[in-house]
Protein chains: 2
Amino acid sequence: MKKNPAFPTSIEEFLEQGEQYYLPHLSIDCVVFGFHDGHLKVLLLQLSNTNEWCLPGGFIQHTEPVDDAAVRIVFQRTGLRNIYLRQFYAFGDPSRQRGKDKLQMPKGAKPNSWIMKRFITIGYWALVEFSKAVPIPDQFSSQCGWVNVTKIPRLILDHNSILDKALQSLRISLNDYPVGKDLLTEKFTMPELQRLYETILNKKLDRRNFQKQILSLEILERLKEKKQGGAHKSPFLYRFDGRKYQLALKKGLRASFA
Amino acid sequence: MKKNPAFPTSIEEFLEQGEQYYLPHLSIDCVVFGFHDGHLKVLLLQLSNTNEWCLPGGFIQHTEPVDDAAVRIVFQRTGLRNIYLRQFYAFGDPSRQRGKDKLQMPKGAKPNSWIMKRFITIGYWALVEFSKAVPIPDQFSSQCGWVNVTKIPRLILDHNSILDKALQSLRISLNDYPVGKDLLTEKFTMPELQRLYETILNKKLDRRNFQKQILSLEILERLKEKKQGGAHKSPFLYRFDGRKYQLALKKGLRASFA
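Since this is a predicted model, take the numbers as computed values, not measurements. (Residues numbered from 1 in each chain as written. Chains lettered and ligands numbered in written order. Predicted model: local features only at pLDDT ≥ 70, side-chain atom pairs only at ≥ 80, totals over all residues. Heavy atoms only, no water.)

1. Structural notes on the overall build of chain A
What counts, and what does not: Here a helix means four or more residues in a row that DSSP labels H or I, a strand means two or more in a row labelled E, and each is numbered from the N terminus. Accessibility here uses a 1.4 Å probe with only protein chains present; expressed as a share of the type maximum, an area under 20% marks a residue as buried, one over 50% as exposed, and anything in between as partly exposed. Contacts: residue pairs with any heavy atoms within 4.5 Å of one another. Areas reported here follow the Shrake-Rupley algorithm with a probe of radius 1.4 Å; residue values treat only the protein chains shown as occluding.
Regarding its fold elements, chain A presents seven helices and ten strands. C-alpha extents for chain A along the principal axes are approximately 65 × 35 × 30 Å. The buried share among the 258 residues of chain A stands at 54%. The long-range share in chain A, meaning contacts at least 24 apart out of those at least 6 apart in sequence, stands at 72%. Surface exposure of chain A reaches about 13200 Å², of which carbon and sulfur atoms provide 49%.

Quick look at the structure:
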């Protein structure tokens, strides 16, 4: 094991000597959620020279904290940083192995490559403000783009199941984490915030109950300005109160949206 | 890798050739909860020839599903089977390494043994009906016993943090999993069920709200018999309705106790 491991400098080195850099049998896969135009979206990569789609994933350096690896992997594979990440599950079926899925490997992969072994993957989900996020594909990918959660194609390995489980976890997290701060623009209306929750939960919520619950968390600030340009009565704009928000998270939130 | 791996037959073989049987760098640790006499308890092992206490843990065979490994490990280390297990978190700090914690290894361990490397551990919690559980220590342990969650000693490595996180996860799970079925005897009173929830949450609950919420799940059956022998008015006995219980779990429960 190297003391200060860098990264493989070529795909060939990655395939042949990856274990010098990374822990064997272990990977991380990230489900990056964004919200745009009333739709919940997920960031997917298309692997170069194939029609295969996958979640952005990667490996853990020998002395790297797993949480740090997740942050690094999202950045290296999508160009996104400063985003909220939460670990939600480790996927440990022994069929999680590239040879078993007929998954094509980049040219040059040998059957005995470390990458062809069984991998247990640790799932993280992440939240990104769509308008600020311009994802950039990495060297292994030809595309990196947002796809509606209702229109996900067939993904490699068990990535569809990982995505489903991430969505379940995101739903439950609504009770202890106010996702709006990460997913919406700085200022938003109450109907926009409600629409976000409804989209994640895939169900209609009662307008008055929703407003009562979200205001009772005492993390929102109602601004003097109103949203202009709509067909209806202009609704008030809100934003998260940074100080109260941090305080509430520290204390622990407990709502019951999900 | 052997096709049908068995287990090491001695501690020496375990220490020297463990990687032939188990995936490197990966372990499982289990927080087994029981409820007795109004107290929430956790099963701890004391390592032979030391004063060190730990959670029951173990390793994953090369072709074994991670969930199956957790079930096997609880059985091998405590003698308990048929218990409810839930994965809750993977602990990935690079300091999770025996050499760094001055943790004593059984006689014969060499510094370059696979067991001295960095381990990422996958945490499971488990629920056991205390009256049915007679834990039996394994060959590595001198004691296996129940300890109140309020009186946990210093454990090896980060096992105290693992236990804390398991308790957090158990609390949140009250909203989607009716833990009473696993933790109580077959028949119980409403005050006993409430006491269980109060003990897990470490707070008092309103009697009428609790009863309303738990009955609204429609998984309890009120029996004709009443509990005898108390100082007060004899309360009704309840039990879980097996068919409704399975149905509700399948459909997905959503309460807001936690």
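2. Overview of the packing of aromatic side chains
All names here are of chain A. Rules: When the centres of two rings from Phe, Tyr and Trp lie within 6.5 Å, Trp using its six-membered ring, the rings pair. Their planes under 30 degrees apart give stacked, over 60 give edge-to-face, and anything left gives tilted. Either the NZ atom of lysine or the CZ atom of arginine qualifies as a charge over a ring when it sits within 6 Å of the ring centre and within 35 degrees of the ring normal.
Counted according to the given criterion, the structure contains 34 aromatic pairs over all chains. For the ring pair Phe-14 and Phe-59, a centre distance of 5.7 Å and an interplane angle of 45° mean the geometry is tilted. One end of the pair, Phe-14, is in helix H1 (residues 11-21); the other, Phe-59, is in the loop between strand S4 (57-58) and helix H2 (66-78), with 45 residues separating them in the sequence. The buried category is assigned to Phe-14, whose relative accessible area is 12%. A relative accessible area of 10% means that Phe-59 is categorised as buried. Relative to Tyr-245, the ring of Phe-240 has its centre 5.4 Å away and its plane inclined at 70°; by these criteria the two rings are edge-to-face. For the pair formed by Phe-240 and Tyr-245, the shared burial category is buried. Following the ring pairs from residue to residue traces out a cluster consisting of Phe-14, Tyr-21, Tyr-22, Phe-59, Trp-114 and Phe-119. The side chain of Lys-165 reaches across the aromatic face of Tyr-89, ending 4.0 Å from its centre. The aromatic ring of Phe-236 is capped on one face by Arg-222, whose charged end is 3.7 Å from the ring centroid.

3. Observations concerning the pattern of salt bridges
Convention followed: Each reported salt bridge corresponds to a side-chain nitrogen of Lys or Arg within 4 Å of a carboxyl oxygen of Asp or Glu.
Summed over all chains, the structure comprises 24 salt bridges over all chains. Of the charged contacts in the structure, one is a salt bridge between Glu-221 of chain A and Arg-239 of chain A, with a shortest N-O distance of 3.2 Å. Taken together, the positions of Glu-221 of chain A in strand S9 (residues 220-226) and Arg-239 of chain A in strand S10 (residues 236-240) put the pair 18 residues apart, joining distant regions of the chain. Glu-221 of chain A sits in the partly exposed class, given a relative accessible area of 29%. By relative accessible area, Arg-239 of chain A is classed as partly exposed at 27%. With its nearest N and O atoms 2.5 Å apart, the salt bridge here joins Glu-192 of chain B to Lys-227 of chain B. One end of the pair, Glu-192 of chain B, is in helix H5 (residues 190-201); the other, Lys-227 of chain B, is in the loop between strand S9 (220-226) and strand S10 (236-240), with 35 residues separating them in the sequence. Here Glu-192 of chain B falls in the partly exposed class, since its relative accessible area comes to 26%. Lys-227 of chain B sits in the partly exposed class, given a relative accessible area of 34%.

4. Considerations on the interface of chain A and chain B
In many analyses, interface size is given as the accessible surface area lost on bringing the parts together. As a reminder of what qualifies: Here the buried area means the combined drop in accessible surface, using a 1.4 Å probe, for two parts upon being joined, counting both sides. Distance and chemistry together define a polar contact, namely a pair of N or O atoms within 3.5 Å, with one atom able to donate a hydrogen and the other to accept it when in protein, and with adjacent residues in sequence counting only for side-chain atoms on both sides. Three residue categories are used. Nonpolar comprises Ala, Val, Leu, Ile, Met, Phe, Trp, Tyr, Cys and Pro, charged comprises Asp, Glu, Lys and Arg, and polar comprises the others, including Gly.
Of the residues lining the interface, 26 residues belong to chain A; the matching set on chain B comes to 25 residues. Across the chain A/chain B interface, buried area totals approximately 2100 Å², and carbon plus sulfur atoms make up 62% of it. Summed over the three residues of chain A that lose the most area to chain B, namely Gln-87, Arg-118 and Arg-254 of chain A, the buried surface amounts to 23% of that side. One can count zero salt bridges joining chain A with chain B. At the boundary of chain A with chain B, the tally comes to ten residue pairs in polar contact (both at pLDDT 80 or more). The set of elements that each furnish at least two residues to the side of chain A that touches chain B consists of H2, strand S5 (84-91) and strand S6 (120-128) of chain A. Of all the elements, S5 of chain A adds the most residues to the side of chain A that touches chain B, at three residues. In terms of residue class, the side of chain A that touches chain B is built from 13 nonpolar, eight polar and five charged.

5. Quick look at the relation of the copies chain A and chain B
Cut-off, in case you're wondering: Here the copies were fitted onto each other by least squares, based on C-alpha atoms from residues at pLDDT of at least 70 in both.
Least-squares fitting of chain A to chain B yields an RMSD of 0.0 Å, with the transformation described by 0.0 Å of translation along the axis and a rotation of 180°. On this basis, the relationship between the two copies can be described by a two-fold rotation axis.

6. Focus: the sheet that holds S9 of chain A
Residue and element names in this part refer to chain A. Definition in use: When DSSP locates at least two bridges between a pair of strands, those strands are taken to pair.
What the three strands build is an open sheet, ordered S8-S10-S9; its pairing is antiparallel. Edge positions in the sheet fall to strand S8 (188-189) and S9, since each of these pairs with one other strand and no more. The pairing of S9 with S10 spans four bridges and is classified as antiparallel. Bridging from a neighbouring strand, Glu-221 pairs with Arg-239 of S10.

7. Looking at the sheet that holds strand S8 (residues 188-189) of chain B
All names here are of chain B. On the basis of which strands lie adjacent, the open sheet formed by three strands has the order S8-S10-S9 and antiparallel pairing. Of all the strands in the sheet, the pair left with one neighbour each is S8 and S9. Strand direction decides the pairing type here: S8 and S10, joined by two bridges, are antiparallel. By the bridge assignment, Thr-189 is partnered in S10 with Leu-237.

8. Quick word on unusual backbone geometry
Of note, the phi angle at His-25 of chain A is positive, near 65°, even though the residue is not glycine. Residue placement: His-25 of chain A occurs in the loop between H1 and strand S1 (26-36). Judged by relative accessible area, His-25 of chain A falls into the buried class, the value being 10%. Positive phi, normally seen in glycine, also occurs at Asn-82 of chain B, with a value near 55°. Mapped onto the fold, Asn-82 of chain B is located in the loop between helix H2 (66-78) and strand S5 (84-91). Exposure remark for Asn-82 of chain B: the relative accessible area of 79% places this residue in the exposed category.

9. Quick notes on the confidence of the model for chain A
Note the following rule: A residue's pLDDT is the confidence the predictor assigns to it, expressed on a 0 to 100 scale.
Here chain A averages 89 in pLDDT, and 94% of its residues register 70 or above. Model confidence for the complex: the whole-complex pTM is 0.92, and ipTM, which rates the interface, is 0.90.

10. Here's the deal with the packing of H5 of chain B against helix H6 (residues 207-216) of chain B
All names here are of chain B. Let me state the cut-off plainly: Here an axis means a line fitted to C-alpha atoms, over the contact stretch when the element is a helix, while the angle between two N-to-C directions is reported on a 0 to 180 degree scale. Should an angle lie under 35 degrees it is considered roughly parallel, over 145 roughly antiparallel, and from 65 to 115 roughly perpendicular; all remaining angles are considered oblique.
One way to put it is that H5 packs onto H6 with a least axis distance of 11 Å and a crossing angle of 95°. The pairing of H5 with H6 is recorded here as roughly perpendicular in orientation. Contacts between H5 and H6 involve Met-190, Leu-193, Gln-194 and Tyr-197 from the former and Arg-207, Phe-210, Gln-211, Ile-214 and Leu-215 from the latter. Residues that form the contact of H5 with H6 fall into these classes: six nonpolar, two polar and one charged.

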